[in-house]
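Remarks on the overall topology
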Amino acid sequence: MMNKTSERPNMHLHLKIWRQLNAAAPGKFVSYEKENVSPDMSFLEMLDELNEHLIKTGGDPVAFDSDCREGICGMCGLVINGQAHGPRRATTTCQLHMRSFNDGDTITIEPWRAKAFPVVRDLVVDRSAFDRIIQAGGYVSVNAGNAQDANALPISKYNSDLAMDAASCIGCGACVAACPNASASLFTSAKVSQLALLPQGLVERKERAINMVSQMDLEGFGDCSNYGECEAACPKEISISNIARMKREYVRAALTSA
Amino acid sequence: MLPFLTAVKSSVGKKFLMAITGLFWVFFLIVHLAGNLALLSGNGDFYNKYSHFLMSLGELLYVMEFLLLAFILTHIFSGVSVALGKMRARPQNYDVQKDLGGKSRKTVSASTMIYSGLLLLIFLVVHISHFKYQVGVDREYFTIINGTRMHDLYQLVYDAFGNLWYMLGYEVIMILVFSHLRHGFWSAFQSLGINHPRWSPVINTLGVVLASVIGFGFLILPLYIHFIGGR
Ligand code: HEM
Ligand code: FES
């Protein structure tokens, strides 16, 4: 089949974008008019065009993060009209297309807002708090030497599916951005779960739960009020049942660890 | 074992305590409601005998009262801590905010837990000082039950709800009880780590049913007393 392009005419959009020089600077919204936006463009292509125009006219391009632009790396992430990753469910910002908007729309674009995610510049935030949570326990110990025989460790289909679901987290931070409390529970619980569900993860099971939760608290994320906005915002649709698993892991570890 | 204080101060431990204490209070409210159905009998002695029975529990009653007090204080402490933590974790709010819908559980009940909770706290203080310690009651209510002279709680309650404004104020609080438990019940299970493909829908439904039974059960009593009973 031929590539079907949209029959919709190009749009004129009013953009309201958060501009901030660095973490210490106050930051403010700046309005831009964007003409000639094709409904087939991705959201980030639309911002690329805006930036090209700004550069050509001597302006300061808008800083935003992206890498793979195919929804797998977790680098992109903008709060678009009050929703993390914008109006489409189960979709990263890079996979969002302008056909989700209408001619004449005003689009407000903000960075993830959380104390633990300080703004680096404009729409770019520093998510290294996530790295430190992973470092606190998101690893397994493996004996060096010969590779084990394939299928030597039986794993039930049920558990391997749950582990794979948890492992689909791309660490974008939309859960924190969408949570009214700015809690990192969904991210941390996905990382705890993907290992706790598999035999390879059982060695560090207790330290992992305690250390990752402690690191999460230390980073200044909020508490979990079970709003479930995180699951609704997650581009990978990670379930809050992982958060319940993290709680079980933590309580069990707290009661039984040495 | 992790040191107790470290565990309960963590984000997981805090909500664990909040869930246990909240569920204990839910259990108490069910018992409290069941007992107060005796008010519907329209027979003062019947209700006062129930009250006399509770008094005769002696030490057991004190243990229960102590647990209720200790648990509600723990619950309030952790609830306020969650609410304050929220402001600390997001010092700069979004300019535009839109709920996500879909699988989100962010109902009006969920977003107003701290407000319904704080109003419940004010209510609890007023309610207990009025009916238990009779603060601000200028008349003496006495009756004789099983040979003992005791407070005529039945008459006190009937006189209180005879006042339209008192009755209406009480009803508003009962709607808040419904709201608090509408989110609170299933949320407590999630906080305890209980989330299961088969049982979670059951727990969620049970939460709505219990919130309605408790909220509207306590709502019917004053209406009955004001408009039908004791006339
Ligand atoms: C009649 C007494 C009460 C009952 C039966 C009750 C019950 C509950 C339950 C079952 C929960 C869910 C716990 C969880 O999410 O793990 C909850 C949450 C909550 N309660 Fe209460 N509660 C009562 C009184 C209060 C009071 C007096 C306050 C005062 C501040 C309060 C504040 C809160 C808050 C803020 C939450 C939500 C916490 C969060 O956002 O995670 N509650 N309550
Ligand atoms: S840029 Fe990689 S997920 Fe969007």
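Residues numbered from 1 in each chain as written. Chains lettered and ligands numbered in written order. Predicted model: local features only at pLDDT ≥ 70, side-chain atom pairs only at ≥ 80, totals over all residues. Heavy atoms only, no water.

This part takes up the site of ligand 1. In the vicinity of ligand 1, 24 residues are found, and the nearest of them are A:Ser225, B:Lys15, B:His75, B:His180 and B:Ser187. This site is not confined to one chain, since residues near ligand 1 come from chains A and B. B:Lys15 has a polar side-chain atom sitting 2.3 Å from an oxygen atom of ligand 1. At 2.7 Å from an oxygen atom of ligand 1 is found a side-chain nitrogen or oxygen belonging to B:Ser191. Broken down by secondary-structure element, the contributors of at least two residues to the shell around ligand 1 are helix H2 (11–36), helix H4 (59–89), helix H6 (113–131) and helix H8 (164–191) of chain B. Looking at the shell around ligand 1 residue by residue, the class counts come to 14 nonpolar, nine polar and one charged. (Near = heavy atom within 4 Å. Polar contact = N/O pair within 3.5 Å; in protein donor to acceptor, adjacent residues only side chain to side chain. Helix = DSSP H or I, 4+ residues; strand = E, 2+ residues; numbered from the N terminus. Nonpolar A, V, L, I, M, F, W, Y, C, P; charged D, E, K, R; others polar.)

The partner chain A presents 52 residues to the 42 residues of chain B that form the contact. Approximately 3900 Å² of surface area, both sides summed, lies buried where chain B meets chain A, with 53% of it carried by carbon and sulfur atoms. Across the pair B:Lys103 and A:Glu231 runs a salt bridge whose closest N-O atoms are separated by 3.7 Å. Of all the elements in the fold, those that place two or more residues in the side of chain B that touches chain A are helix H1 (4–9), H2, H4, helix H5 (108–111) and H8 of chain B. (Contact = heavy atoms within 4.5 Å. Buried area = accessible area lost by both parts, 1.4 Å probe. Salt bridge = Lys/Arg side-chain N within 4 Å of Asp/Glu carboxyl O.)

A few words now on the coordination of the iron atom of ligand 1. Each donor-metal-donor angle would ideally measure 109.5 degrees in four-coordinate tetrahedral geometry, or 90 or 180 degrees in six-coordinate octahedral geometry. Looking at the metal site, the iron atom of ligand 1 is ligated by B:His75 (NE2) and B:His180 (NE2), spaced 2.0 Å from it. Its relative accessible area of 18% is what places B:His75 among the buried residues. (Donors = N, O, S within 2.8 Å, 3.2 Å for Na, K, Ca; no water. Buried < 20%, exposed > 50% of the residue type's maximum accessible area, 1.4 Å probe, protein only.)

All right, on to the packing of aromatic side chains then. The geometry of an aromatic ring pair is captured by two quantities: the separation of the ring centres and the angle between the planes. Under the criterion given, the structure shown has 18 aromatic pairs over all chains. With centroids separated by 5.2 Å and ring planes inclined at 75 degrees, the aromatic side chains of A:Phe117 and A:Phe130 adopt a geometry described as edge-to-face. A residue pair is termed long-range when its members are at least 10 positions apart, and A:Phe117 in the loop between strand S5 (106–110) and strand S6 (119–121) and A:Phe130 in helix H2 (residues 128–135) qualify at 13 residues. You'll find A:Phe117 and A:Phe130 in the same group, each marked buried. Connected via pairs of aromatic rings, a cluster forms that spans B:Phe123, B:Phe131, B:Phe161, B:Tyr166 and B:Tyr170. The lysine or arginine in question, B:Arg139, covers the ring of B:Tyr141, its NZ or CZ lying 4.1 Å from the ring centre. (Phe/Tyr/Trp six-rings, centres within 6.5 Å; stacked < 30°, edge-to-face > 60°. Lys NZ or Arg CZ within 6 Å of the ring centre and 35° of its normal.)

Residues and elements named next belong to chain A. Per the domain assignment, the segments of chain A are domain 1 (11–119) and domain 2 (128–256). Inter-centroid distance (C-alpha atoms) of domain 1 to domain 2 is 29 Å. Between domain 1 and domain 2, the residue contacts involve 17 residues of the former and 20 residues of the latter. Both sides together, the interface formed by domain 1 and domain 2 hides about 1300 Å², and carbon and sulfur atoms give 65% of it. The largest per-residue losses of area from domain 1 upon contact with domain 2 belong to Ala-90, Ala-116 and Phe-117, which jointly make up 36% of the total buried on that side. Here domain 1 and domain 2 share three residue pairs in polar contact (both at pLDDT 80 or more) between them. Residue composition of the side of domain 1 that touches domain 2, by class: ten nonpolar, five polar and two charged. (Domains from an automatic or database assignment.)

Here we come to helix H7 (residues 153–162) of chain B. Residues and elements named next belong to chain B. Of all ten residues in H7, seven are buried, a share of seventy percent or more. Along H7, the residues classified as buried are Leu-153, Tyr-154, Leu-156, Val-157, Tyr-158, Ala-160 and Phe-161. Turning to H7, the residues buried within the fold contact helix H3 (44–55), H6, strand S2 (148–151), H8 and helix H9 (199–227).

What follows is about the packing of H7(B) against H9(B). Residue and element names in this part refer to chain B. The contact between H7 and H9 brings their axes to 8 Å, and the two run at 85 degrees. Taken together, the axis directions place H7 and H9 in an arrangement best described as roughly perpendicular. Side by side, H7 and H9 meet where Val-157, Tyr-158, Phe-161 and Gly-162 of the first sit next to Pro-222, Tyr-224, Ile-225 and His-226 of the second. Across the contact of H7 with H9, the residue classes break down as six nonpolar, two polar and no charged. (Axes fitted to C-alpha atoms, helices over the stretch in contact; angles between N-to-C directions. Parallel < 35°, antiparallel > 145°, perpendicular 65-115°, else oblique.)

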